[in-house]
Amino acid sequence: MASTGGDLILAGVTKTYVPAHEVLRGVSMTARPGETVSVVGPSGCGKSTLLNIIGSLDQPTSGTVALGDIDIAGLSGDELAAFRSNEVGFIFQDHHLLPQLTALENVLLPSLATSSRDATPRARELLGRVGLSDQAESLPAQMSGGERQRVAVARAMINEPKLLLCDEPTGNLDHEAGENVVSLFLEMAGEGGVTVVMVTHNLDFAREFSRCVELRGGRLTGTEPAAR
């Protein structure tokens, strides 16, 4: 697999489910390193499907998805697993932390299969960046919802991904906690050159990103920069 980095490029992406249910219809988009893109649209319009295709969790029926010089759809099974582990960070509405592990141990999990180096110093650094240095040894049950989601952000960044994909990451949080998480995404993009794509129903949060697009009728519209 070639080295990654560079633009995220979607060209003519379609997704059709049997029987002939076309969810995505020729979706095309380019996002640069460090750019933040929010995706809005009605429930059931295919936002999560689009995110899963970008992250290689699902395959398009037609069209191409590339990150830099990598054609994601052309990767083998092992290459796809390596791509997801090394180049993509995923954050979902539910934090999916393992309850028996501390915050530090949860952050370290993705690094165990990808690196022979001790990633503990980086994990502690990331917990500090999300404001949780003092919670490193806490279990998820001892933390608030916003704190758990910030641990999930740190976990997603442990392998230094080029692409951060967020599916309703603030859906279970109050406005203040959600604002803190969105601010983290903007910081990660600005400081690390990470491309961030976030699916959300919260239009206030969507407008904080550099670009807000709407998925409707299987097509993307509104590719202008979001209002600030």
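Residues numbered from 1 in each chain as written. Predicted model: local features only at pLDDT ≥ 70, side-chain atom pairs only at ≥ 80, totals over all residues. Heavy atoms only, no water.

Asker: An account of the overall build of the protein chain is needed here, citing residue identities and associated values.
Answerer: Helix and strand counts for the protein chain come out as seven helices and ten strands. In summary, the protein chain has a C-alpha radius of gyration of 17 Å against a globular reference of 17 Å for 228 residues, a match within 12%. If you line up the protein chain on its principal axes, its C-alpha atoms span 50 × 40 × 35 Å. Across the 228 residues that make up the protein chain, the buried fraction comes to 48%. Long-range contacts, defined here as pairs at least 24 residues apart, represent 69% of the contacts in the protein chain between residues at least 6 apart. Carbon and sulfur atoms provide 49% of the accessible area of the protein chain, an area that totals close to 10300 Å². The averaged location of the 28 negative side-chain charges in the protein chain is 4 Å from the averaged location of its 18 positive side-chain charges. (Helix = DSSP H or I, 4+ residues; strand = E, 2+ residues; numbered from the N terminus. Rg over C-alpha atoms; globule rule 2.2 N^0.38 Å. Buried < 20%, exposed > 50% of the residue type's maximum accessible area, 1.4 Å probe, protein only. Contact = heavy atoms within 4.5 Å. Areas by Shrake-Rupley, 256 points an atom, 1.4 Å probe, with all protein chains shown as cover. Lys, Arg positive; Asp, Glu negative; His and termini not counted. Charge placed at Lys NZ, Arg CZ, Asp CG, Glu CD.)

Asker: Explain helix α1 (residues 47-54) to me, using residue names and the numbers behind them.
Answerer: With six of eight residues buried, α1 is to be regarded as a mostly interior element. Just past α1, the residue S56 takes up positive phi, approximately 70 degrees.

Asker: An account of the sheet that holds strand β8 (residues 195-199) is requested, with residue identities and associated values reported.
Answerer: What holds strands together in a sheet is hydrogen bonding between their backbones, with the strands either parallel or antiparallel. Read from one edge of the open sheet, six strands run β6-β7-β8-β3-β9-β10, paired in mixed fashion. Each having just a single partner strand, β6 (88-92) and β10 (219-221) make up the two edges of the open sheet. Strand-to-strand twist of the sheet, defined as the mean angle between neighbouring strand axes without regard to direction, takes the value 20 degrees. Sheet analysis places strand β3 (residues 36-40) next to strand β9 (residues 211-216), joined by four bridges and oriented parallel. Following the sheet pairing, V40 is matched in β9 by E214. Here helix α5 (residues 145-157) sits on the sheet in contact with β6 and β7 (163-167), set at roughly 165 degrees to β6. Relative to β8, helix α6 (residues 175-192) is tilted by about 155 degrees, and along the sheet it contacts β3, β6, β7 and β8. (Pairing = 2+ DSSP bridges. Axes fitted to C-alpha atoms, helices over the stretch in contact; angles between N-to-C directions.)

Asker: So, the environment of F209: which residues are in play, and what are the values?
Answerer: Within the secondary structure layout, F209 lies in the loop between α7 (203-206) and β9. F209 sits 24 residues away from F185 along the chain, and the two C-alpha atoms are 9.1 Å apart.

Asker: Which residues make up the sheet that holds strand β5 (residues 70-71), and what values go with them?
Answerer: Strands sit in the order β2-β1-β4-β5 across an open sheet of four strands; the sheet is antiparallel. On the outer flanks of this sheet lie β2 (21-31) and β5, each paired with one strand and no other. In this structure, strand β1 (residues 8-17) lies alongside strand β4 (residues 62-67), joined through five bridges in antiparallel fashion. Bridge pairing in β4 places A11 opposite T64. Each of β1, β2 and β4 touches α1; the most contacted strand, β1, lies at about 125 degrees to it.

Asker: I'd like a rundown of the nonpolar core, residues and numbers included.
Answerer: L127, V130, V151, V153, L164, F185 and V196 are the most contacted members of the largest nonpolar core, which totals 35 residues. Those elements that place two or more of their residues in this core are α3 (103-108), α4 (120-129), α5, β7, α6 and β8. Residue contributions to this core peak at seven residues, all from α6. Residue contacts for V196: discarding those within four places in its chain leaves E35, T36, V37, L164, C166, F185, A189 and F209. (Core = buried A, V, L, I, M, F, W, Y, C linked by side-chain atoms within 4.5 Å.)

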